[in-house]
Amino acid sequence: MAQGISKTTEDKKQEFLTPLLHLQNLKIAFETEQGFKTVMNNAEVKIFPQQRVGFLGESGSGKSVSALSILKLLPHPSAQVSGRFFWRGEDMESLATNDFRQLFRWKKIAFVFQEMGAALNPVMTIGQQFDEILTPEQKKNKEVENLLQECGFADPKSVLTAYPHTLSGGMQQRILLALALVHNPELIITDEPTSALDSSLQQRMMQLIENRVAKNKMAWLVISHDLGLVGKYCDFIYVFYAGKIVEEAPAQELLFHPHHPYSLGLLKSDVTLYTEKKQHLYSIPFPTEKKQPLPGCVFADRCSYSQKICFTLSPQYNSIGSNRKCACHFPILESLAK
Ligand SMILES: Nc1ncnc2c1ncn2[C@@H]1O[C@H](COP(=O)(O)OP(=O)(O)OP(=O)(O)O)[C@@H](O)[C@H]1O
Ligand code: SF4
Ligand SMILES: [Mg+2]
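None of the values given here were measured: they were computed from a predicted structure.

Colleague: Explanation requested: the overall build of the chain in the structure shown.
Modeller: Along the chain, the regular secondary structure elements total 13 helices and twelve strands. Here the chain holds 338 residues, and the buried ones make up 34% of them. Here the analysis covers contacts within the chain between residues at least 6 apart in sequence; of these, 64% occur between residues at least 24 apart.

Structure (structure tokens):
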């Protein structure tokens, strides 16, 4: 009996030690007139059960394409994707795309897209789109009406009879959020989930997602260029820059002690976080247009810490301590928490 109990405890421990999702050596390239252009290189991401993970980085850094690749949603054959995908330790490579989507999409992983237009079916009413996925139990309990109300719709019944094109971008975004939440997935991915909303609705929606994530013990991947938002809601952050992950760290450590000069720049240019610490705001120099990738560090032309070697040799993505990594020849080692 005692053995049985300890095995269960051991199993549970193991469940939390094995990533829910593990992306290995992710590489994404898109076809262009000049051949395939790599937009994501050698990324490795782990998301553990119930963990809240942030993808942070400026526009075009590769956050969305990395997330879309998880659900095999990148256009084929113009996007070339390679790498391995593990779910609870199991390699998913052998699953055909359709079987994969059938098994994963919505049920295990739900995704709230950045581009709303493509996400809702234009020829079906919102009610019909919910009907396709609801269980009889959920229909009986009027779960959708309640959820739509939580998502800020005062009259959910009229929304259910509407077609997507009659709704604003902000309304479509909230409907997609409700569609994602109604599944109680194991992982919810929200890509700039509140970008089309005003700031009070933004906060309300983030709070709603946070409550649901906690209540239903989901993992949550938050994609945003907003450091304040990622810092507020995430336990762990991956920093993206120009198609590479340049730093990863527990959120609090990254906020108070960034090792990569780009992460430091993001932090110093964040109005809410940095002025709270009563320090001067800063801006990261604008990127220079590159016709083709230069050798060396991807951040070299904008980095105030760069030295000669940075322009010729690309830094390794090295571990620092037990749970952090950083791609920099000269990582910043002093703490900002003074
Ligand atoms: N369908 C596509 N075809 C060709 N290139 C693409 C396509 N989708 C994305 N890209 C390119 O891939 C790179 C990464 O794009 P991605 O959308 O992941 O950026 P992001 O980090 O999500 O930026 P943002 O914060 O603006 O959403 C960009 O250079 C983008 O132009
Ligand atoms: S490797 Fe050099 S250029 Fe790149 S971030 Fe580090 S110091 Fe800056
Ligand atoms: Mg994006």
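Colleague: Would you mind going over helix H9 (residues 199–215) with me for this structure?
Modeller: An α-helical turn contains 3.6 residues, so any two residues separated by three or four positions project in the same direction. Here H9 is 17 residues long and its end C-alpha atoms lie 24 Å apart, about the 24 Å a rise of 1.5 Å per residue gives. Taken residue by residue, H9 has Met 205, Ile 209 and Val 213 as its buried positions. Angularly, the buried residues of H9 cover 70 degrees about the axis, an arc narrow enough to put them on a single face. Seen from the buried face of H9, the exposed residues on the opposite side, beyond 90 degrees, are Ser 200, Gln 207, Asn 211, Ala 214 and Lys 215. As for H9, its buried residues are in contact with helix H8 (169–182), strand E7 (187–191) and strand E8 (219–224). At the exit of H9 stands Lys 217, carrying a positive phi of roughly 55 degrees.

Colleague: Hey, could you run me through the site of ligand 1 in this one?
Modeller: The immediate surroundings of ligand 1 are formed by 13 residues, with Phe 30, Val 39, Ser 59, Ser 64 and Val 65 found nearest. Ranked by the residues each element gives to the shell around ligand 1, the list is headed by helix H2 (residues 63–70), at three residues. Looking at the shell around ligand 1 residue by residue, the classes come out as four nonpolar, eight polar and one charged.

Colleague: What am I meant to see in the packing of helix H6 (residues 143–150) against H8 here?
Modeller: Packed helices, taken two at a time, are described by the angle their axes make and the gap between the axes. H8 packs onto H6 with a crossing angle of 130 degrees between their chain directions and a minimal axis gap of 10 Å. In terms of orientation, H6 and H8 fall into the oblique class. At the point where H6 passes H8, the crossing takes the right-handed sense. Residues Glu 143, Val 144, Leu 147 and Leu 148 of H6 form the contact with H8, whose participating residues are Ala 178, Leu 181 and Val 182. Across the contact of H6 with H8, the residue classes tally to six nonpolar, no polar and one charged.

Colleague: How do you make sense of the pairing of E8 when you look at a structure like this?
Modeller: The two faces of the sheet receive side chains in turn, since in a regular strand these alternate between them. Among the six residues in E8, six count as buried, and that is most of the element. Side chains of E8 alternate between two faces, with Ala 219, Leu 221 and Ile 223 and Trp 220, Val 222 and Ser 224 buried alike. Strand direction decides the pairing type here: strand E3 (residues 52–56) and E8, joined by five bridges, are parallel. Paired with Phe 55 across the bridge in E8 is Ile 223. Where E7 meets E8, five bridges bridge the pair, whose relative direction is parallel. Note that in E8 the partner of Leu 187 across the bridge is Ala 219.

What counts and how
Residues numbered from 1 in each chain as written. Chains lettered and ligands numbered in written order. Predicted model: local features only at pLDDT ≥ 70, side-chain atom pairs only at ≥ 80, totals over all residues. Helix = DSSP H or I, 4+ residues; strand = E, 2+ residues; numbered from the N terminus. Buried ≥ 20, exposed ≤ 12 C-beta atoms within 10 Å, placed from the backbone. Contact = placed C-beta atoms within 7 Å. Expected span 1.5 Å × (residues − 1). Arc of directions from axis to C-beta. Near = placed C-beta within 6 Å. Nonpolar A, V, L, I, M, F, W, Y, C, P; charged D, E, K, R; others polar. Axes fitted to C-alpha atoms, helices over the stretch in contact; angles between N-to-C directions. Parallel < 35°, antiparallel > 145°, perpendicular 65-115°, else oblique. Left-handed = near helix turned anticlockwise from the far one by under 90°. Pairing = 2+ DSSP bridges.

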